[in-house]
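Now for the letters of each chain:
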Amino acid sequence: VKLKSLSWNGINGWIVCGGEDGLLKVLKLDSSRAVDKKGAGGPSNLSMNQTLEGHQGATMCVCWNENYRKLTTSDQNGLIIVWMLHKGMWFEEMINNRNKSTVRGMRWTPDGQRICIIYEDGMVIVGSVDGNRLWGKELKTRLAHVCWSPDGRNILFCTLDCEVHVYDASGTFIAPLHLAVL
C-alpha cells in the first residue's frame, strides 16, 4: 500500500501512517537509549501497532494534538475523524464530512486548544478541542497549506498560486506576506 501521509508525535513517540484504501496505522516506537561503538542507537521495539478503521479513501492528512492526546485524520473524500486515546487504544471521538471539497491541510494550535482545517476550494474551518465550530470562512482562493503562529494568535495560509496570507485567530485578514525569491 502506498503511503500518503506520515506524522510523528514528538511528546509521546507515536507515529501515524496514512495510505491508500483507508490505511491508517498508529505505531509507538520504543528505543533503547544505548548507543553502540559506531554511534548507532540501540534496538527499537514497537509497543503499539494499531490499525484504525474508518476511512474508505486514501488517508491524505494526519496531525497530532500532543497536549490532548488526539489525532486528526482526513481522507481523499473529505471525511475527517478525530481519534482519542482511551485505555491504551485509539477510538473515534468525532466525525465530520463537508462533502464538497478535499481537505488540503489541518493544524492544531501549539497549545492544542484549536484546529484549523483548510479545503482546496478555499473554505476554512476553525474548531475547538471539544468539537465546537468557532468560525468558518470561504477565502476566494484555492488553499494548499496552513500553519498557526507559535502563540496561536495568527494563521498563515498558503495558496496553490504560492501566495501567503496572514489572518488573525478570529479569521480577519491582516496582510499578504511577501516572500523574496532568490
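Chemist: Would you mind showing me how to read the side chain of T73 here?
Modeler: Tracing the backbone through its elements, the reader meets T73 in strand β6 (residues 70-75). Since its relative accessible area comes to 0%, T73 is described here as buried. At a separation of 2.7 Å, a polar atom in the side chain of T73 contacts the side chain of H55. Excluding anything up to four places from it in sequence, T73 contacts L24, H55, T59, C61, V62, L79, I80, I81, W83 and M106.

Chemist: I would appreciate a short explanation of the sheet that holds strand β7 (residues 79-86) in the present structure.
Modeler: Hydrogen bonds between backbone groups are what pair the strands of a sheet, and the pairing can be parallel or antiparallel. In space, the four strands of this open sheet follow the order β5-β6-β7-β8, with antiparallel pairing throughout. Each edge of the sheet is formed by a strand with only one pairing partner; in this case those strands are β5 (59-65) and β8 (89-97). On average, adjacent strands in this sheet sit at an angle of 20 degrees to one another, irrespective of strand direction. Of the strand pairs in this sheet, β6 and β7 are connected by five bridges, and their pairing is antiparallel. Looking at the pairing, T72 lines up with V82 of β7.

Chemist: Explanation requested: the side chain of H55 in the structure shown.
Modeler: Tracing the backbone shows H55 in the loop between β4 (44-51) and β5. A distance of 2.9 Å separates polar atoms of two side chains, one belonging to H55 and the other to D75. Beyond its immediate stretch of four places on either side in the chain, H55 contacts G22, L24, T73, S74, D75, L79 and I81.

Chemist: Whenever I open this one, the packing of aromatic side chains confuses me. Can you help?
Modeler: When we look at a pair of aromatic rings, we describe it by the centre distance and by the angle of the planes. Within the structure shown, the criterion is met by five aromatic pairs. Ring centres of Y167 and F173 lie 5.3 Å apart, and the angle between their planes is 75 degrees; this geometry places the pair in the edge-to-face category. Y167 gets classed as buried once you look at its relative accessible area, which sits at 9%. Judged by its relative accessible area of 40%, F173 is partly exposed. Grouping aromatic residues by their ring pairs yields a cluster made of W14, W64 and W90. Sitting over the ring of Y119, R98 keeps its end group 4.5 Å from the ring centre.

Chemist: In this structure, what is going on with the sheet that holds strand β12 (residues 133-138)? I would like to understand it.
Modeler: Here four strands make up an open sheet; going across it, the order is β9-β10-β11-β12 and the pairing antiparallel. A strand with exactly one partner marks an edge of an open sheet, and here the two such strands are β9 (103-108) and β12. Geometrically, the sheet is characterised by an average inter-axis angle of 10 degrees between neighbouring strands, direction not taken into account. Across five bridges, strand β10 (residues 114-119) lies against strand β11 (residues 123-128) in antiparallel orientation. Looking at the pairing, I117 lines up with I125 of β11.

Conventions used here
Residues numbered from 1 in each chain as written. Predicted model: local features only at pLDDT ≥ 70, side-chain atom pairs only at ≥ 80, totals over all residues. Heavy atoms only, no water. Helix = DSSP H or I, 4+ residues; strand = E, 2+ residues; numbered from the N terminus. Buried < 20%, exposed > 50% of the residue type's maximum accessible area, 1.4 Å probe, protein only. Polar contact = N/O pair within 3.5 Å; in protein donor to acceptor, adjacent residues only side chain to side chain. Contact = heavy atoms within 4.5 Å. Pairing = 2+ DSSP bridges. Axes fitted to C-alpha atoms, helices over the stretch in contact; angles between N-to-C directions. Phe/Tyr/Trp six-rings, centres within 6.5 Å; stacked < 30°, edge-to-face > 60°. Lys NZ or Arg CZ within 6 Å of the ring centre and 35° of its normal.

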